[in-house]
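Given next are the chains, with one letter for each unit.
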Amino acid sequence: MSELAQLNMVEAINQGLGQLLEEDSQALLMGEDIGANGGVFRATAGLQQRFGEDRVIDTPLSEAGFVGAAIGMCLVGLHPVVEIQFDAFVYPAFEQLISQAGRFRWRTRGKYGLPLVIRIPYGGGTRAPELHSDSPETLFSHMPGLRVVVPSDPLSAGEMLLAAAKYGDPVIFLEPKRMYRRGRQPVPAKFPDGDLDHALVRRPGDDLTLVAYGAMIEVVEGAADRLQDEGISARVLDLRCIYPLDRESLLNAAEETGRVLVVHEAARHCGVGAEVAALLQEEAADVLLAPTLRVTGMDMPFPLAQNEDDALPSVERVLAAAHTMLEY
Amino acid sequence: MLGLAETEMVAALRKWPREVALDLFQAMARLRTFDERAVILQRQGRIGTYPTFYGEEAVQAASVKALQSRDWLFPTYRQTAVVTLRGCPALVPLLMWRGHPGGWHDVMDYRVAPVCVPVATNLPHAVGAAWGAKLRHEDLVALGYGGDGSTSAGDFHEACNLAAVVQAPVIFLITNNQWAISTPLSKQTRVRRVADKGAAYGIPAIRVDAFDVFACYQAVGEAAARGRAGEGPTLIEAIGYRLGPHGTADEPSLYRDLELDRLWDPMEPLRRTQAGLVRAGVAEEAELDQIRADAGAELRDIGDAIEAEPPVTVEEIAGTVHRETPWGLLPDGLREPSWRAGGGDQG
């Protein structure tokens, strides 16, 4: 813990993957263009040179095939970490993940799990082509047997990645690609084990809670700054775990701030915001001072570059919703 | 034509050691007994819908017997009894068809993966197990089962391609029974031979008579030897005919001429193998009858046994989905809102 390097998120993930390959002889990485090329986002840069072609494996263009193969690898004792090149490219592997991976422990009556991590760079705001900006977290959290997590900064990315690799059940590890190179943070040369259970209070506050995750943390932090200028104290709760949700942190937010606003870039319908709002309605209706509102992406294909900022939650949209709730 | 085949079979039979022949016959007899009993249990209402494998005993028995116990098997719904040839009690797969969670066998004990219902989804798993073993320098092969219909599914093609690229020691055992429920082979593919699909991926293919247990045994053995020698995957097309319905809920008269079933039925492998073994002088009729009778012994009271299996509560099942069970998995009626429970924690 002595040396601290200033790393951005993609560098922290690279360091975490290297640490994993060093510490666990059964761990391996697989995906498209992750070897000599180091991955299209360079998350695996240099790792094939360090660990060889049998541990950092370039696969054919075949998401269902190599995600399915990773399931088989787990049966013979390996611990595969699979990179999906872009969010929407995971859809061909959806059947393998929901009909197979997520059901494995259940099919063994709880006895055996699959030590499988699926890394997915996800989300909008990078001016990418169609189907390179999706937010698929709800799909995976709705289907049984998968853990779904989203880090929002370099340190949590490294810690949660190592925790996911050691967890023993399939983990969908969503990396907000917009944050890959957004900022640097001091991180230790060796990541301590993180956890996959807890949301994190990024900023304390008493008047309302802004719940977000991934790249939306930056947006709600911006909104919290502006609210602070108005004399309003906004708590920022970084959800981090989409499934299961950190129920206690959400109920605490309801109890202690009375107002909970949820922000995500995924579509609104049946999104994480809906689940949070339902949880608060069922379990905290008596302490809420205002209905829970949602600021989300739109129920349509994620727009092409020219319109993506219109669809993504912005500081202004978050502020407007926050004011509505405060004036209720 | 059948007469000639019988003659060839008798000649071929003399090549095999008696113990191999009897072991294969016994395995087929056990599979047949399981299948017959399962159909009866379904008719009695003691298990649910059941996909019979009548006529596929030869290829299934050979697939298990030609491999070592360390090799992995990846079944679909039509191979739920192969795990019994690895030592699992027949009670277990029958409980699966009864819809009881006791039907999930121990995958590590038997090295038989959980049954995959959507066809071809099991094939990438077989590739991964074989490939993973190769990366770990372990001497084992994996075998994935499929039918002619499964070779139209994307996962079959992705599995074949990946296996070939990484030279995984995997065997794709495709039983071409010429029907996928009501869809005949001619509406499934334009290739004349399913084995031809191997060529697209650079995978050698073997075509074999699915009703000939010795031919199947030899084919799987050759494929396994190739895999162990580092020569990569093999596609086996075992050509047969689905002698029965797709399952107990299926009515073949709706879509095919039952005269075809009658014409194909003499190929039924257990009777045929027994006749061949007697004619080749490998065994006496009475000895083989005894093997068949003994194979049924385990199943004599199986109907009572599956009914005696204690029920499992839905709460127990919910506790088997995750390593650590998340909050909120209880059925809605059992969930107590915190404001009613005085803020206490719920399950």
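About the thresholds
- Residues numbered from 1 in each chain as written.
- Chains lettered and ligands numbered in written order.
- Predicted model: local features only at pLDDT ≥ 70, side-chain atom pairs only at ≥ 80, totals over all residues.
- Heavy atoms only, no water.
- Contact = heavy atoms within 4.5 Å.
- Buried area = accessible area lost by both parts, 1.4 Å probe.
- Salt bridge = Lys/Arg side-chain N within 4 Å of Asp/Glu carboxyl O.
- Polar contact = N/O pair within 3.5 Å; in protein donor to acceptor, adjacent residues only side chain to side chain.
- Helix = DSSP H or I, 4+ residues; strand = E, 2+ residues; numbered from the N terminus.
- Nonpolar A, V, L, I, M, F, W, Y, C, P; charged D, E, K, R; others polar.
- Domains from an automatic or database assignment.
- Phe/Tyr/Trp six-rings, centres within 6.5 Å; stacked < 30°, edge-to-face > 60°.
- Buried < 20%, exposed > 50% of the residue type's maximum accessible area, 1.4 Å probe, protein only.
- Lys NZ or Arg CZ within 6 Å of the ring centre and 35° of its normal.
- Disulfide = S-S within 2.5 Å.

A. Structural view of the interface of chain B and chain A. Across the boundary between the two partners, chain B contributes 47 residues, which contact 48 residues of chain A. Between chain B and chain A the total buried area reaches about 4,100 Å² when both faces are included, carbon and sulfur atoms providing 60% of it. If you sort the residues of chain B by the area they bury against chain A, Trp-104, Arg-323 and Trp-327 of chain B come out on top, with a joint share of 16%. Linking chain B with chain A are one salt bridge. For Asp-106 of chain B, the salt bridge goes to Lys-111 of chain A, with nearest N and O atoms at 2.6 Å. Run the count over chain B and chain A and you get 19 residue pairs in polar contact (both at pLDDT 80 or more). Those elements that place two or more of their residues in the side of chain B that touches chain A are strand 1 (72–74), helix 5 (107–110), helix 6 (122–135) and helix 7 (154–166) of chain B. Here the side of chain B that touches chain A takes eight residues from helix 6 of chain B, the largest share from any one element. Of the residues belonging to the side of chain B that touches chain A, the class tally is 26 nonpolar, 12 polar and nine charged.

B. Local environment of the domain arrangement of chain A. All names here are of chain A. Parsing chain A into structural domains produces domain 1 (4–188) and domain 2 (200–326). The interface is formed by 28 residues belonging to domain 1 together with 24 residues belonging to domain 2. Buried area between domain 1 and domain 2, both sides added, is near 2,100 Å², and the carbon and sulfur share of it is 51%. In terms of surface lost to domain 2, no three residues of domain 1 exceed Arg-127, Ser-152 and Arg-178, which account for 23% of the buried area on that side. Put simply, Arg-127 and Glu-308 hold a salt bridge, and the shortest N to O gap is 2.6 Å.

C. Structural detail: the packing of aromatic side chains. The final tally for this structure, using the stated rule, is 14 aromatic pairs over all chains. Ring geometry for Phe-86 of chain A versus Phe-89 of chain A: centroids 5.5 Å apart, planes at 65°, classification edge-to-face. Accessibility expressed as a relative area gives 23% for Phe-89 of chain A, which makes it partly exposed. Judged by centre distance (6.2 Å) and plane angle (45°), the ring pair of Phe-211 of chain B and Trp-264 of chain B falls under tilted. Here Phe-211 of chain B, found in the loop between strand 6 (205–209) and helix 8 (213–228), pairs with Trp-264 of chain B, found in helix 9 (residues 258–264); they are 53 residues apart in sequence, far enough to count as distant. Since its relative accessible area comes to 26%, Trp-264 of chain B is described here as partly exposed. The aromatic ring of Trp-327 of chain B is capped on one face by Arg-247 of chain A, whose charged end is 5.6 Å from the ring centroid. Over the ring of Tyr-167 of chain A we find Arg-323 of chain B, and its NZ or CZ is 4.2 Å from the ring centre.

D. Representation of the pattern of salt bridges. Residues and elements named next belong to chain B. Applying the stated criterion to the full structure yields 42 salt bridges over all chains. Salt-bridge contacts for Glu-57 lead to Arg-32; the nearest nitrogen and oxygen are separated by 2.7 Å. Within this pair, whereas Glu-57 is found in helix 3 (residues 57–65), its partner Arg-32 is found in helix 2 (residues 18–43), the two being separated by 25 residues in sequence. Residues joined in a network through salt bridges with shared partners are Arg-32, Glu-57, Asp-265, Glu-268 and Arg-271.

E. Looking closely at the environment of Arg-292 of chain B. All names here are of chain B. On the secondary structure map, Arg-292 appears in helix 11 (residues 285–297). Look at Arg-292 and you get partly exposed, because its relative accessible area is 30%. Residues Arg-292 and Ala-29, 263 residues apart in the sequence, show an inter-C-alpha distance of 5.4 Å. Arg-292 has contacts with Phe-25, Ala-29, Arg-32, Thr-33, Leu-270 and Gln-274, leaving out every residue within four places of it along the chain.

F. The arrangement of the state of the cysteines in detail. Counting across every chain of the model gives zero disulfides over all chains. The cysteine Cys-74 of chain A is free of any disulfide, with Cys-116 of chain B supplying the nearest cysteine sulfur at 14 Å.

G. Region of the structure containing the side chain of Asp-261 of chain B. Residues and elements named next belong to chain B. Along the chain, Asp-261 turns up in helix 9. Overall, the relative accessible area of 14% leaves Asp-261 in the buried class. A distance of 3.0 Å separates polar atoms of two side chains, one belonging to Asp-261 and the other to Arg-256. Sequence-distant contacts of Asp-261, that is, excluding residues within four places in its chain, are made with Tyr-241, Leu-243 and Arg-256.

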